[in-house]
Amino acid sequence: MRIGIIARINCHSCIRIAKRIIELIPPSWELLLEDKLARSLHRNGINFKDIDADIIIVIGGDGTILKTAQLSRGKILGINVGGLGFLSEVEIGNIEESVYNLIKGNYKTYDVMKLNVYINDQLFGKGINDVVIHTARISKIRKFSVYINDRFMENTSADGVIIATPIGSTSYSYSAGGPILIPSLKAMVISYIAPFGSRLRPIVCPDNTKITIKIIGKFSSLAIIDGQKEAVVSENDRIDIRVSDEKLTFIELKNSFYDRLREKLIKDVVN
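Student: Tell me what's going on with the packing of aromatic side chains, and back it up with residues and numbers.
Tutor: Enumeration according to the criterion identifies two aromatic pairs in this entry. Taken together, a centroid distance of 5.6 Å and an interplanar angle of 20° make the contact between Tyr 110 and Phe 250 stacked. One end of the pair, Tyr 110, is in strand 5 (residues 108-119); the other, Phe 250, is in strand 16 (residues 238-252), and 140 residues separate them in sequence. Residue class for Phe 250 comes out buried when judged on its relative accessible area of 1%. Centroid distance Tyr 147 to Phe 152: 5.5 Å. Interplanar angle 70°. Geometry classified as edge-to-face. Given the relative accessible area of 19%, Tyr 147 is considered buried.

Structure, rendered in structure tokens:
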């Protein structure tokens, strides 16, 4: 078994947790440590992008998981330290029990959708959460043309447009008023950031759809994948988003999507 460990480096708790997990991992397992984490533990490590493991334990928050998904290869088990941690399976109080279950093979896996993002027909990157196209300047509304399968839908005045996967529908898209998509749905959702005009509503598209966003006007905008990778896009640039043939696999121990949804997003419901 090849086990990778990645942790948020500016987090002392994350480093301590990584050290404890290393103590629990069987000696027969091959251990791959991200190089910055390895240096903090006085061990040998490898570059983020060179980690290719059976399972990668990611210690931190959703941002660390999204970065791992961008750069590394392997099934992901997230340990939440700090924020909401919607993509994380394990909370701090359950770390040792979770690692023991992992060692025993007491877990399931589930796949999530990836998006391919093209800028002017060139592959820009892949994402699991969302693609956000928004103004590069504060307080400057932008205009975007939205196409579905090359058919014009509408011109939109807004701070930005979000195209999210089912997993990403619980993130920025949700904050912008988009619906939550159940992970088993093969779909994407288009949401708008601070749209001008109440007629605009989120749109759910099937997974065989090509969504195209074109920039209108001379001012630049930014195209950002999973909050990790960004590019400047300008007038007449075209961003195409399609569902990728690739999937990302997560480890599931106890908490299902519905458990996390109830515990982390639907906190105000009274039973």
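Student: Just give me the short version of the pattern of salt bridges, but keep the residues and values in it.
Tutor: Taken as a whole and assessed by the stated rule, the structure comprises ten salt bridges. A salt bridge links Glu 23 to Arg 20, with the nearest nitrogen and oxygen atoms 3.0 Å apart. Separated by three residues within a single helix, Glu 23 and Arg 20 lie in helix 1 (residues 12-24), roughly one turn from each other. Looking at Glu 23, the relative accessible area reads 51%, which means it is exposed. The partner of Lys 126 in a salt bridge is Glu 246, and the shortest N-O contact between them spans 3.6 Å. On the criterion of sequence distance, the pair formed by Lys 126 in strand 6 (residues 122-127) and Glu 246 in strand 16 is long-range, its members being 120 residues apart. Look at the salt bridges and you will find they share partners, linking Arg 20, Glu 23 and Glu 96 into a network.

Student: Requested: an account of the state of the cysteines, with residues and values cited.
Tutor: Per the stated rule, a full pass over the model turns up one disulfide. Here Cys 11 is linked by a disulfide to Cys 14, with a sulfur-sulfur distance of 2.5 Å. The S-S bond linking Cys 11 to Cys 14 shows a torsion near 80°; that makes this disulfide right-handed. Classification of Cys 11 as buried rests on a relative accessible area of 7%. Of the residues examined, Cys 14 reaches a relative accessible area of 0% and is grouped as buried.

Student: Hey, could you go over unusual backbone geometry for me, with residue numbers and the actual values?
Tutor: In this structure, His 42 is a non-glycine residue whose phi angle is positive, near 60°. Residue placement: His 42 occurs in the loop between helix 2 (35-40) and strand 3 (52-60). The exposure class assigned to His 42 is exposed, which follows from its relative accessible area of 75%. Unusually for a residue other than glycine, Asn 149 sits at a positive phi of about 50°. Here Asn 149 is to be found in the loop between strand 8 (142-148) and strand 9 (151-158). For Asn 149, a relative accessible area of 40% corresponds to the partly exposed category.

Student: How would you summarise the sheet that holds strand 7 (residues 130-135) if you had to cite specific residues and measurements?
Tutor: A sheet is described by the order of its strands in space; here six strands give the open sequence 12-11-10-7-14-15, paired in antiparallel fashion. Either end of the sheet is taken by a strand with one partner, and the two such strands are strand 12 (203-206) and strand 15 (229-233). Neighbour-to-neighbour, the strand axes of the sheet open up by a mean angle of 15°, direction not taken into account. Pairing of strand 7 with strand 10 (residues 160-164) involves five bridges; the strand directions are antiparallel. Its bridge partner being in strand 10, Val 131 is matched across the sheet by Ile 163.

Parameters at a glance
Residues numbered from 1 in each chain as written. Predicted model: local features only at pLDDT ≥ 70, side-chain atom pairs only at ≥ 80, totals over all residues. Heavy atoms only, no water. Phe/Tyr/Trp six-rings, centres within 6.5 Å; stacked < 30°, edge-to-face > 60°. Helix = DSSP H or I, 4+ residues; strand = E, 2+ residues; numbered from the N terminus. Buried < 20%, exposed > 50% of the residue type's maximum accessible area, 1.4 Å probe, protein only. Salt bridge = Lys/Arg side-chain N within 4 Å of Asp/Glu carboxyl O. Disulfide = S-S within 2.5 Å. Pairing = 2+ DSSP bridges. Axes fitted to C-alpha atoms, helices over the stretch in contact; angles between N-to-C directions.

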